[in-house]
Amino acid sequence: YHDIHMLSVIIIAKNEAKNIRRCLESVHFADEIIVLDSGSTDETLAIAKEFTPHVYSTDWQGYGVQKQRALEHASGDWVLNLDADESINALLKDEIVDAMSSPNFDAYRIPIQMYFYGKPLRFSSSPERHIRLFKKQGAAYSDDIVHEKITLPSTARIAQIKHSIEHHSFRDISHALYKINRYSSYSAKIRISKHKRSSFSKSLMSSCWMFFRCYVLQRGFLDGRAGFLFACFNAQGSFYRGIKQLYPDSEIGELP
């Protein structure tokens with residue numbers, strides 16, 4: 001496929017020394033790897049430079065802006081968007097290569113499989129299938145602080161990839177609680193800016209619904225205790241987001 005298509009992988013990072021090597025090793029087959037850092041104080045930059053010369057440093061303006069900045073550095077006609085705590089396996093790699101060679105589609109949704117304490121959760125997955133592989137021409141990221149979206153030309157043909165990206169989101173309980181706190185702050189800030197209303201009862205109902213969706217509808221109960229904890233984490237995030245709309249944070253910092 002190198003004679004036909006060029007693949008650029010874009011990764012944004014900050015203090016991801018515990019994760020980024022796994023990510024970079026998994027995309028060694030790509031023609032180009034772009035790493036956009038936003039002030040790491042650990043070994044993230046040094047590790048990234050072992051794998052690619054395309055390492056850049058910027059300030060932090062939110063996930064959407066960072067993804068767009070990384071996208072602008074990419075020179076491939078196809079782009080794969082990964083987070084530093086994600087990786088791909090050999091089956092997904094082969095499917096990506098095949099997908100790029102197909103003339104029928106311009107972008108692909110890829111499912112996400114969550115990992116908790118290094119173990120895969122078979123059923124507690126991302127409820128949405130995000131567009132992660134796409135043709136660069138005409139593509140752009142929204143400027144949302146969090147939950148950024150990729151916008152594609154109106155004529156883009158989108159298909160589904162079978163195999164999953166492996167997402168090592170929560171290293172341990174403390175890391176999970178930290179990320180829940182930060183993400184809920186970002187989400188609350190966005191909702192406040194859009195004048196979306198919240199209430200204690202709405203927050204409580206949203207939390208209950210989130211737990212039910214993750215634990216029952218997505219069959220998280222089949223993942224045992226880890227599935228229960230993951231459903232609790234998602235429910236907490238939903239509850240805190242609503243409560244922080246009622247009682248906003250005085251200052252919202254950035255995720256590591």
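Bear in mind the structure is a predicted one, so any value in this text is a computation, not a measurement.

Right, let's talk about the overall build of the protein for a bit. Regarding its fold elements, the protein presents 7 helices and 13 strands. Its C-alpha radius of gyration of 18 Å places the protein within 12% of the 18 Å reference for a compact globule of 256 residues. Overall size of the protein, expressed as C-alpha extent along the three principal axes, is 55 × 40 × 40 Å. Counting across all 256 residues of the protein, residues that qualify as buried make up 47%. A sequence separation of at least 24 residues applies to 75% of the contacts in the protein between residues at least 6 apart. Accessible surface computed for the protein: about 12900 Å², of which carbon and sulfur atoms make up 54%. A distance of 9 Å separates the average location of the 32 positive side-chain charges in the protein from that of its 29 negative side-chain charges.

Both the distance between ring centres and the angle between the ring planes are used here to describe each pair of aromatic rings. By the definition in use, this model includes 13 aromatic pairs. Judged by centre distance (6.0 Å) and plane angle (35°), the rings of W78 and Y108 are tilted. Taken together, the residues W78 in strand β4 (residues 78-83) and Y108 in strand β6 (residues 107-110) connect sequence positions 30 residues apart. Since its relative accessible area comes to 0%, W78 is described here as buried. Connected via pairs of aromatic rings, a cluster forms that spans F211, Y215, F221 and F228. Between the NZ or CZ atom of K93 and the centre of the ring of F29, over which it lies, the distance is 5.6 Å.

Looking now at a nonpolar patch on the surface. A cluster of nonpolar side chains, contributed by Y117, I173, L177, F228 and L229, occupies part of the molecular surface with about 420 Å² of accessible area. For the nonpolar patch, the elements supplying multiple residues, two or more each, are α5 (173-193) and α7 (224-246). Tracing the chain through its elements places I173 in helix α5.

Attention now moves to the sheet that holds strand β8 (residues 119-120). Ordered in space as β5-β13-β7-β8, the 4 strands form an open sheet in which the pairing is mixed. Unpaired on one side and paired on the other, β5 (86-87) and β8 mark the two borders of the sheet. Relative to strand β13 (residues 165-170), β5 is paired through 2 bridges, and the arrangement is antiparallel. Bridged to E86 within β13 is H167.

The next point concerns the environment of I47. Take I47: it is sitting in helix α2 (residues 44-51). Residues I47 and D77, spaced 30 residues apart in sequence, show a C-alpha to C-alpha distance of 26 Å. Aside from chain neighbours lying at most four places away, what touches I47 is A17, I20, R21 and L24.

Among the nonpolar cores identified, the biggest contains 40 residues, and L7, I11, L80, L82, I96 and L133 are the most heavily contacted of them. When near neighbours in sequence (up to four residues on either side) are disregarded, L133 contacts L7, W78, V79, L80, I96, A99, M100, A107, Y108, I110 and I161. Of all hydrophobic cores here, the second largest spans 19 residues; its members include I12, W60, I131 and I150.

The next subject is α7. Here α7 contains 23 residues, and its C-alpha end-to-end distance of 34 Å stays within 8% of the 33 Å for a straight helix at 1.5 Å per residue. Close packing links the buried residues of α7 with β7 (112-116), β13, α5 and α6 (200-217).

Before going further, it helps to examine the environment of K179. Along the chain, K179 falls in helix α5. Here K179 falls in the buried class, since its relative accessible area comes to 10%. Expressed as a C-alpha distance, the spacing of K179 and G237, which sit 58 residues apart in the sequence, is 9.0 Å.

Conventions adopted
All residue numbers refer to position in the chain's written sequence, counted from 1. Note on the predicted model: pLDDT of at least 70 is required for a residue's local features to be given, and 80 or more for side-chain atom pairs to be given and counted; whole-chain, interface and lining totals, by contrast, use all residues. To obtain the side-chain values, all non-hydrogen atoms of the structure were included, while hydrogens and water were left out. Numbering of helices and strands runs from the N terminus, with a helix taken as a DSSP run of H or I at least four residues long and a strand as a DSSP run of E at least two residues long. Both definitions apply: the radius of gyration is a C-alpha atom measure, and the globule rule equals 2.2 Å times residues to the power 0.38. Type-normalised accessible area, obtained with a 1.4 Å probe on protein chains alone, sets the label of each residue: buried when under 20%, exposed when over 50%, and partly exposed for intermediate values. Contact between two residues is taken to exist if any of their heavy atoms lie within 4.5 Å; hydrogens are not considered. Per-residue accessibility takes into account occlusion by the displayed protein chains alone, with areas from the Shrake-Rupley method and a 1.4 Å probe. The charged-residue count follows a simple rule in which Lys and Arg add positive charge and Asp and Glu add negative charge, with His and chain termini not counted at all. Note on charges: their place is set at NZ of Lys, CZ of Arg, CG of Asp or CD of Glu. Pairing of aromatic rings covers Phe, Tyr and Trp, the last through its six-membered ring, and needs centres within 6.5 Å; plane angles under 30 degrees mean stacked, over 60 mean edge-to-face, and all others mean tilted. Only Lys NZ and Arg CZ are tested; either one counts as a charge over a ring when it is within 6 Å of the ring centre and within 35 degrees of the ring normal. Every patch collects residues that have over 30% relative accessible area and no salt bridge, joining them within 9 Å if they carry like charges and within 5 Å if they are nonpolar side chains (Val, Leu, Ile, Met, Phe, Trp, Tyr). In the sections that follow, a salt bridge refers to a side-chain nitrogen of Lys or Arg positioned within 4 Å of a carboxyl oxygen of Asp or Glu. DSSP bridges decide pairing: two strands pair if at least two such bridges lie between them. Note on terminology: a nonpolar core comprises buried Ala, Val, Leu, Ile, Met, Phe, Trp, Tyr and Cys residues joined through side-chain atoms within 4.5 Å. The span expected for a helix works out to 1.5 Å for each residue beyond the first.

Read these as layout, nothing more, since geometry by itself doesn't imply function.
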